[in-house]
Amino acid sequence: MQGGDMRKGFYISKVVAAACVVAAIGAVATIIALSVVYAQEKSKNLETPAVTTTKSSPSSSITTTTASSAIPSSATSTSSGSTPLSTTPSTPKEPWHHYRLPNSLAPISYNVTLQPRLTPNAEGLYIFSGHSAVAFTCVNETDLILIHSNKLNLTIIDGHLATLTGLDGTSAPSLRETWLEVPTQYLVVQLSSPLQVGSSYELVTEFVGELADDLGGFYRSEYKEDGVLKIVATTQMQATEARKAFPCFDEPAMKAVFHMTLIHPQGTVALSNSMSYDPVIILGPDGENLTVTKFEPTELMSTYLLAFVVCDFTYIGETSENILIRIWARRKAIEEGQGDYALSKTGPILTFFEDYYNITYPLKKSDQIALPDFGAGAMENWGLVTYRETALLYNPGVSSNGDKEWVATVISHELAHMWFGNLVTTRWWNDLWLNEGFATYVSYLGSDYAEPTWNMKDLIVLNNIIGVMAVDALATSHPLSSKEEDIQKPADISALFDSITYSKGAAVLRMLSEFITEDVFSEGLHTYLQEFKYRNTVYNDLWRHLQMAVDKAGVTLPHSVEDIMNRWILQMGFPVVTIDSQTGKITQKHFLLDPDSIVDRPSPFNYEWFVPITWIKTGVPQEQHWLLNKEEIHAGMALGADEWLVANINMRGFYRVNYDSENWERLLTKLNTKPQEIPVINRAQIIDDAFNLARAKMVDTILALRTTKFLDEEVEYMPWETASRSLDYFYLMFDRTEVYGSLKAYINKQVTPLFNYFEDVTENWTKIPDNHTDQYNQVNAISVACRMGVKGCKELTTGWFKEWMQNPSDNKINPNLKSTVYCSAIAEGGEEEWDFAWGMYKNATLASEANKLMSALSCTRQPWLLSRYLQYSIDPDKIRKQDATYIIVYVARNPIGQPLAWDFIRANWDHLFNNYGGGLVSFGRIIDGVTQRFSTEFEYKQLLQFKEENIDQLGSATLALEQVLERTRANINWVALNKEKVFNWFTSEAPPKI
């Protein structure tokens, strides 16, 4: 349903609203005036040395900032007006030198009024101004207030950067000194006497900030509609960016109630976490009409979950179970129906989670908004979830089934957080894995409920588990849960947003849910959420509630939930379980991709785990066995002459499995004769385990390659996708060597039957397979076939692409096949094809379509086009900042583009580091993606040199670089050991044509 009818029943009358905004309007004059001062001071800064000063005026003034950033590097105000510079020593001495807040104050509520300017001022700056009043209680005696503030220009009132008053009859001490402690991002307020324990106070600040395009805090997003530039003021607060929007106690345990007011241009809409009262029109200082939108108080919540948006968007909506659900996006996107799919699935997914947690949805509304510029995939702001357009918008005629799955999965992930993460929040970021790993796991349950024919519960294996096992098999991996004292700085927190946190977190929680059963897991979640709602927790609180559910249900475990799970979260890595089918002996050891790597991180459990082993013997499921020691004998696993076994059924456990050579041979025979007797996920698992065990020198590489021989008879997606990914490593190591010709001939032989199968199933490519994963495997068939030169494939893809070039307004290429068709055609083509694709990319109105073209543009074999594309990537007029790092990595995937991308990031690292930080957190992705092929001593030395030259500018890429160095060393060793025999095997399996 369109328009304003949806608002009836949810908005409070204008009379009540007018009363509510009196206080806000009282702050408007100050807020509007601040922008004038900011512009004047910014202008002056462009002409003055980079030294911070304090400008005074009779009524108020604003701290000016360095010329380069318009952000105070330090500012001090005292009653005498002196302005000493503030520096933070390497060893913290004062409370404001520590990155963590002291435990002396507890916030109660905030009243925040913000006015973003959606047009630049005379100096070309987009800014916002604001007024904040935070009420807090003193819980431990102190004469110091520390509150986070970052990149805000604070107004000086009566000689200080804030004012303090007592509440409920309490008198407040006078301010002795105030300043901005920039390194630790504090506003420091020293008092003349201590605050009284148990008493409450209110701290008021007025400020101006830049509405920058840095994707963090309160920031600016841009798009064009009918050739007109449109500006969106939006937010991304996680993890430490709320302090860029207004001064606040910016830690997840500092929950409070937020009263938000937004002043915005008439004709725009303002959104926040809670329902709005009816907007009120006021007159601005220049005679223009402004809208004041005040919002109902939020629930008790953390600062990182705040959100507010001012935009010219529209929405579609419905009411489901008394919850207002709205999908917001650009007007054209909504008019084209791109939000319809998200709206149709949001209600069912919310219903699923209400049943799963057995707790009703805690809010009145669920707004979801698609933003043109957004650094992450999505953000679970309570009641106003923000998304990249690709994660929320779907157009059936243009989008692929993969796009559709992504939308369903991301919506499910974010809505899972509404309870787990928002209602109950982990105390500190060291337990981020619990929040994000949990949401990643249950997102597959929610999307499976919304799309029951997709087998989503199986796809977590491919989408998350297999990939993260490669990362967690490095000696430079890290445990899921860190010590609280080890995570202090914002950069420490940012580094935690990695695949270990999300995907390994999901994998071990899935494993736990499997061995205690999903019903028991759900019951434990219910009591956990009930006890801690609106509060904060540590991971042990969840273990305690799951143990209660286990005990209540009578589930038998060999140890407590806490003892079992601590071995999976407090030590990095995972085991490889080796089963000797001749003796029944089972052993475990820490699996390392490079067996020669040095593990210098100590483990409290000596890298041993309690391992739940599920298994089948000759096709028959067996009773689960717990491996509780380094080695054990299990008589049932000693096999007879005609028996075989497979362990870790459906990859429920987070471990790899190795066998004695006899069982390996029996499995290979079974794969080549009756593969359907092995579950499909385990057919994929056998391939993945074998290739990784070969990398670790635990089995021969030729054995791993032999697990792919049955693929000429295989038509299921999961084995083919796993084999394709496993062979990707061979492409990376050998596509610049003589081995590649023989490799290509062998894969050509294996994929040709699959290509022919889908040609028949789709009636010569005119139909779409019915099954979700068959649609994926059709893409695999064409992608691999074209890459390996299967007869007729390139002619097919280039023909479709040329047909589109001849009639750009009518793209008949099947949406599922677009990515592979675009890439194949651009690789075979030249400048004409590239320029056509670039033009279509720039004009794409659907983000997922733009993404496909953005990736395909990197497939060209023309070095000069790749170099030009790399230059485009750091031109914000051509490529959105959020996409820059993806393009660099895409180019590096191309064997011709890889050295170009490596040269490019080395030449431009300063620029990337200084201009593409904030909400992107992507430097690790760049380093990892650009160095995938590194396998020579020369490349290893280049990495060391890069590390040395940029040691102070690695940020969140620091750990990634160490992992890349480790991987490169392993690649060097692997190639030396395997190149000759791999070449000989491929040649024997697919002899060259003479």
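Above this text you will find the structure in question.
About the cut-offs
- Residue positions are given per chain, counting from 1 as you read along its sequence in written order.
- Whole-chain, interface and lining totals are the exception, using all residues; otherwise, since this is a predicted model, local features are given only for residues with pLDDT of at least 70 and side-chain atom pairs are given and counted only at 80 or more.
- Remark: hydrogens and water are excluded; side-chain values derive from all non-hydrogen atoms of the structure.
- A pair of Phe, Tyr and Trp rings is counted when the ring centres sit within 6.5 Å of each other, with Trp represented by its six-membered ring. The angle between the planes then sorts it: under 30 degrees is stacked, over 60 is edge-to-face, the rest tilted.
- Per the convention used, a helix needs a DSSP run of H or I reaching at least four residues, while a strand needs a run of E reaching at least two, with both numbered from the N terminus.
- Think of it in three bands: residues with accessible area under 20% of the maximum for their type are buried, residues over 50% are exposed, and the middle band is partly exposed, with areas taken using a 1.4 Å probe on protein chains only.
- Throughout, a residue-residue contact means that at least one pair of heavy atoms, one from each residue, lies within 4.5 Å.
- The criterion for strand pairing is that DSSP finds at least two bridges linking the strands in question.
- Put plainly, a pocket is an open set of points on a 1 Å grid over the protein atoms alone with protein on both sides within 12 Å along at least five of seven lines, a cavity is a set where a 1.4 Å probe fits but cannot get out, and a lining residue has an atom within 4 Å of a point.
- Grid points are joined across faces, edges and corners, and a volume is the space filled by probe spheres set on the points.
- Lys, Arg, Asp and Glu make up the charged group, whereas Ala, Val, Leu, Ile, Met, Phe, Trp, Tyr, Cys and Pro make up the nonpolar group; the residues left over, Gly among them, are polar.
- Axes here refer to lines fitted to C-alpha atoms; in helices the fit is confined to the stretch in contact. Angles between the N-to-C directions go from 0 to 180 degrees.
- By nonpolar core we mean a set of buried residues, namely Ala, Val, Leu, Ile, Met, Phe, Trp, Tyr and Cys, connected to one another through side-chain atoms within 4.5 Å.
- Should an angle fall under 35 degrees it is called roughly parallel, over 145 degrees roughly antiparallel, and 65 to 115 degrees roughly perpendicular, with every other angle called oblique.
- Each crossing gets its hand from how the near helix is turned against the far one by less than a right angle, where anticlockwise is left-handed and clockwise is right-handed.
- Whenever a nitrogen or oxygen atom comes within 3.5 Å of another N or O atom, the pair is scored as a polar contact, on the condition that within protein one atom can donate a hydrogen and the other can accept it, and that pairs from neighbouring residues in sequence are kept only if both atoms are in side chains.
- Salt bridge, as used here: a side-chain nitrogen of Lys or Arg that lies within 4 Å of a carboxyl oxygen of Asp or Glu.

Remarks on the packing of aromatic side chains
This structure, assessed with the given rule, holds 64 aromatic pairs. Ring centres of Tyr110 and Phe258 lie 4.7 Å apart, and the angle between their planes is 5 degrees; on these two criteria the pair is classed as stacked. You can see Tyr110 sitting in strand S3 (residues 105–116) and its partner Phe258 sitting in strand S13 (residues 257–265), a full 148 residues away along the chain. Since its relative accessible area comes to 0%, Tyr110 is described here as buried. Pairing Trp429 with Phe497 gives two aromatic rings, centres 6.4 Å apart and planes at 50 degrees, and the pair type is tilted.

Quick word on the environment of Asn358
The topology assignment puts Asn358 in the loop between helix H4 (340–357) and strand S20 (365–371). Considered as a pair, Asn358 and Thr527 are 169 residues apart in the sequence and their alpha carbons are 9.2 Å apart. Non-local contacts of Asn358, meaning those with residues more than four positions away in its chain, are made with Phe353 and His526.

With respect to the pairing of strand S12 (residues 228–236)
Two elements, strand S11 (residues 217–225) and S12, share nine bridges in a ladder whose sense is antiparallel. Pairing of Tyr219 across the sheet is with Thr234, part of S12. Hairpin remark: S11 followed by S12, antiparallel, with two residues in the connecting loop; positive phi at Asp226, about 55 degrees.

Structural notes on the layout of surface pockets
Within this model, the second largest pocket holds a volume of roughly 1100 Å³. Along its surface, the second largest pocket is lined by 37 residues, and Glu222, Tyr223, Lys224, Lys842 and Arg880 are the ones closest to its centre. Broken down by secondary-structure element, the contributors of at least two residues to the lining of the second largest pocket are S11, helix H5 (389–392), helix H22 (831–843) and helix H23 (847–856). The element contributing the most residues to the lining of the second largest pocket is S11, with six residues. Residue composition of the lining of the second largest pocket, by class: 13 nonpolar, seven polar and 17 charged.

A look at the sheet that holds S20
What links the strands of a sheet is backbone hydrogen bonding, and the strands pair in either a parallel or an antiparallel sense. Judged by pairing direction, the sheet is mixed, and its five strands sit side by side in the order S18-S19-S20-S22-S21 without closing on themselves. Every other strand in the sheet has two partners, leaving strand S18 (314–320) and strand S21 (378–379) as the edge strands with one partner each. Across the sheet, H4 lies against S18, strand S19 (323–329) and S20, angled at about 145 degrees from S19, the strand it touches most.

A closer look at the sheet that holds strand S33 (residues 656–659)
What the four strands build is an open sheet, ordered S31-S26-S25-S33; its pairing is mixed. Each having just a single partner strand, strand S31 (631–633) and S33 make up the two edges of the open sheet. Taken pair by pair, the neighbouring strands of this sheet meet at an average axis angle of 20 degrees, ignoring direction.

Here's the deal with the nonpolar core
Among the nonpolar cores identified, the biggest contains 309 residues, and Tyr356, Tyr357 and Trp543 are the most heavily contacted of them. Sorting elements by how many residues they give to this core places helix H17 (residues 717–734) first, with 11 residues. Contact partners of Tyr356, with chain neighbours within four places excluded, come to Phe438, Tyr441, Val442, Leu445, Phe521, Ser522 and Leu525. Of all hydrophobic cores here, the second largest spans five residues; its members include Ile263, Val280, Leu290 and Val292.

Let's talk about the packing of H4 against helix H6 (residues 401–417)
The interhelical angle for the contact between H4 and H6, taken along N-to-C directions, is 40 degrees, at an axis separation of 10 Å. Compared by their axis directions, H4 and H6 come out oblique. Read as a crossing pair, H4 and H6 show a hand that is right-handed. Packed against H4, whose contacting residues are Tyr341, Ala342, Thr346, Ile349, Leu350, Phe353 and Tyr357, the element H6 presents Lys404, Val407, Ala408, Ile411, Ser412, Leu415 and Ala416 at the interface. Class assignment for the residues of the contact of H4 with H6 results in 11 nonpolar, two polar and one charged.

Notes on the side chain of Arg220
With respect to the secondary-structure elements, Arg220 resides in strand S11. Among the polar contacts made by the side chain of Arg220, one reaches the side chain of Glu222 at a distance of 2.8 Å. Ignoring sequence-local partners within four residues, the contact set of Arg220 consists of Tyr126, Leu211, Ala212, Asp213, Ile231 and Val232.

Looking at the pattern of salt bridges
Here the structure, examined in full by the defined rule, presents 51 salt bridges. Here Lys244 and Asp214 are joined by a salt bridge, their closest N and O atoms 2.5 Å apart. Placement of Lys244 in the loop between S12 and S13 and of Asp214 in the loop between strand S10 (200–210) and S11 is noted, with a sequence separation of 30 residues between them. Where Glu738 meets Lys979, a salt bridge forms, and the shortest distance between an N and an O atom there is 3.6 Å.

Some points on the pairing of S19
Burial analysis of S19 places seven of its seven residues in the buried class, the great majority of the element. Going residue by residue along S19, you find Ile323, Ile325, Ile327 and Ala329 tucked away on one face and Leu324, Arg326 and Trp328 tucked away on the opposite face as well. Here S18 runs beside S19; their pairing, made up of seven bridges, is antiparallel. Pairing of Thr314 across the sheet is with Ala329, part of S19. Count of turn residues in the S18/S19 antiparallel hairpin: two residues, of which Glu321 carries a positive phi of about 55 degrees.

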